[in-house]
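# Summary of structural features
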Amino acid sequence: MGLTEKKVLMVIANQSFRDEEYAEPRKIFEENGIKIIVASSSLSQAVGKFGLNVNPDVILSDVNAYDFDAIVFVGGPGASEYWQDTVSHQIIKKAVSEGKVVSAICIAPVTLANAGVLSGKKATVWSSEVGKIGAKGAYYTGNSVEVDGNIVTANGPEAAKDFGKAIVELLKTKY
């Protein structure tokens, strides 16, 4: 199966997602022919921290993790809306159990940690949230991008391109 047959779900906060953490990976996915679906907590237009407007395709509660090859949680201040969100946690756990690529950037790895999928895994996160992922059993590496199995984490906007590339590389290894 080529990358043109792959589907990625990008999960963004309805308000204050980090523009480049959405736009840079999306551009890399598009350049590789990957189909992208954007989910949020609302179908109303999502607004990035710096004003990027995105129209979500689907409400997160309607997502079936089985339908996607990768799940990407975009960071930014608004990403904390998913930290304690049981719907997000169920999607993450289902995706991990199905062997899908699961990823998060900036403060969004806290959502993965709270879903219980970072325990015993190497991970990275925005520096202010190191304690939150550590408390859930993640091994913080301090790297800008960390890949452990099918889980990709990144620490912020400067890592957005490498984050997108790491996800594409994992998708290439999945037939």
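Look up a bit, the structure's there.
Residues numbered from 1 in each chain as written. Predicted model: local features only at pLDDT ≥ 70, side-chain atom pairs only at ≥ 80, totals over all residues. Heavy atoms only, no water.

Taking 1.5 Å per residue as the helical rise, helix H2 (residues 86–97) with its twelve residues ought to reach 16 Å, and the 16 Å between its terminal C-alpha atoms agrees with that figure. Within the sequence span of H2, burial applies to Ser88, His89, Ile91, Ile92 and Ala95. Angularly, the buried residues of H2 cover 165 degrees about the axis, an arc narrow enough to put them on a single face. Every exposed residue of H2 that faces more than 90 degrees away from the buried side is listed here: Thr86, Gln90 and Ser97. (Helix = DSSP H or I, 4+ residues; strand = E, 2+ residues; numbered from the N terminus. Expected span 1.5 Å × (residues − 1). Buried < 20%, exposed > 50% of the residue type's maximum accessible area, 1.4 Å probe, protein only. Arc of directions from axis to C-beta.)

Once that is clear, we can look at the sheet that holds strand S12 (residues 151–154). If you walk across this open sheet you meet the seven strands as S6-S3-S1-S7-S8-S12-S11, and the pairing is mixed. At either end of the open sheet lies a strand with only one pairing partner, and these are strand S6 (58–59) and strand S11 (145–148). Against the sheet, helix H1 (residues 19–31) makes contact with strand S1 (7–11), strand S3 (35–40), strand S7 (70–73) and strand S8 (101–105), and its axis sits at roughly 175 degrees relative to S1, the strand it touches most. Lying on the sheet, H2 is in contact with S7 and S8; it crosses S7 at an angle near 145 degrees. (Pairing = 2+ DSSP bridges. Contact = heavy atoms within 4.5 Å. Axes fitted to C-alpha atoms, helices over the stretch in contact; angles between N-to-C directions.)

Since there are 3.6 residues in each turn of an α-helix, residues three or four apart along the chain are aligned in direction. An ideal rise of 1.5 Å per residue puts 20 Å on 14 residues; helix H5 (residues 160–173) measures up with 21 Å between its terminal C-alpha atoms. Residues of H5 that are buried include every one of Ala160, Phe163, Gly164, Ala166, Ile167, Val168, Leu170 and Leu171, and no others. The inward-facing, buried residues of H5 abut S1, H1, S7, S8, S11 and S12.

The side-chain alternation of S12 yields two buried faces, one formed by Ile151 and Thr153 and the other by Val152 and Ala154. Sheet topology note: the S8/S12 ladder contains four bridges and is parallel. Looking across to S12, one finds that Val102 is bridged to Ile151. The pairing of S11 with S12 spans four bridges and is antiparallel. Within S12, the residue paired with Asp148 across the bridge is Ile151.

A few words on the packing of aromatic side chains. Going through the model one piece at a time under the given rule, you end up with two aromatic pairs. A ring pair is formed by Phe73 and Tyr82, whose centres lie 6.1 Å apart and whose planes are at 70 degrees; its orientation type is edge-to-face. The ring of Phe68 carries Lys7 above its face, with NZ or CZ at 5.1 Å from the centroid. Sitting above the plane of the Tyr66 ring, Lys100 keeps its charged end 5.0 Å from the centroid. (Phe/Tyr/Trp six-rings, centres within 6.5 Å; stacked < 30°, edge-to-face > 60°. Lys NZ or Arg CZ within 6 Å of the ring centre and 35° of its normal.)

Moving on: the packing of H1 against H5. Look at H1 against H5: their axes get within 8 Å of each other, and the N-to-C directions meet at 40 degrees. With respect to H5, the axis of H1 lies oblique. H1 and H5 meet at a crossing whose hand is right-handed. Facing Glu20, Glu21, Glu24, Pro25, Ile28 and Phe29 of H1, the residues of H5 in contact are Ala160, Lys161, Phe163, Gly164, Lys165, Ile167 and Val168. Tallied by class, residues from the contact of H1 with H5 come to seven nonpolar, one polar and five charged. (Parallel < 35°, antiparallel > 145°, perpendicular 65-115°, else oblique. Left-handed = near helix turned anticlockwise from the far one by under 90°. Nonpolar A, V, L, I, M, F, W, Y, C, P; charged D, E, K, R; others polar.)

A separate point is the pairing of S1. A large share of S1 lies buried, amounting to four of its five residues. As paired strands, S1 and S3 are joined by five bridges and run parallel to one another. In the sheet register, Lys7 faces S3, and the bridge partner there is Lys35.

Tracing the backbone through its elements, the reader meets Gln84 in the loop between S7 and H2. When its relative accessible area of 62% is taken as the criterion, Gln84 is described as exposed. The residues contacting Gln84, other than those within four sequence positions of it, are His89 and Asn114.

Take it as geometry only, folks, not as evidence of what the structure does.
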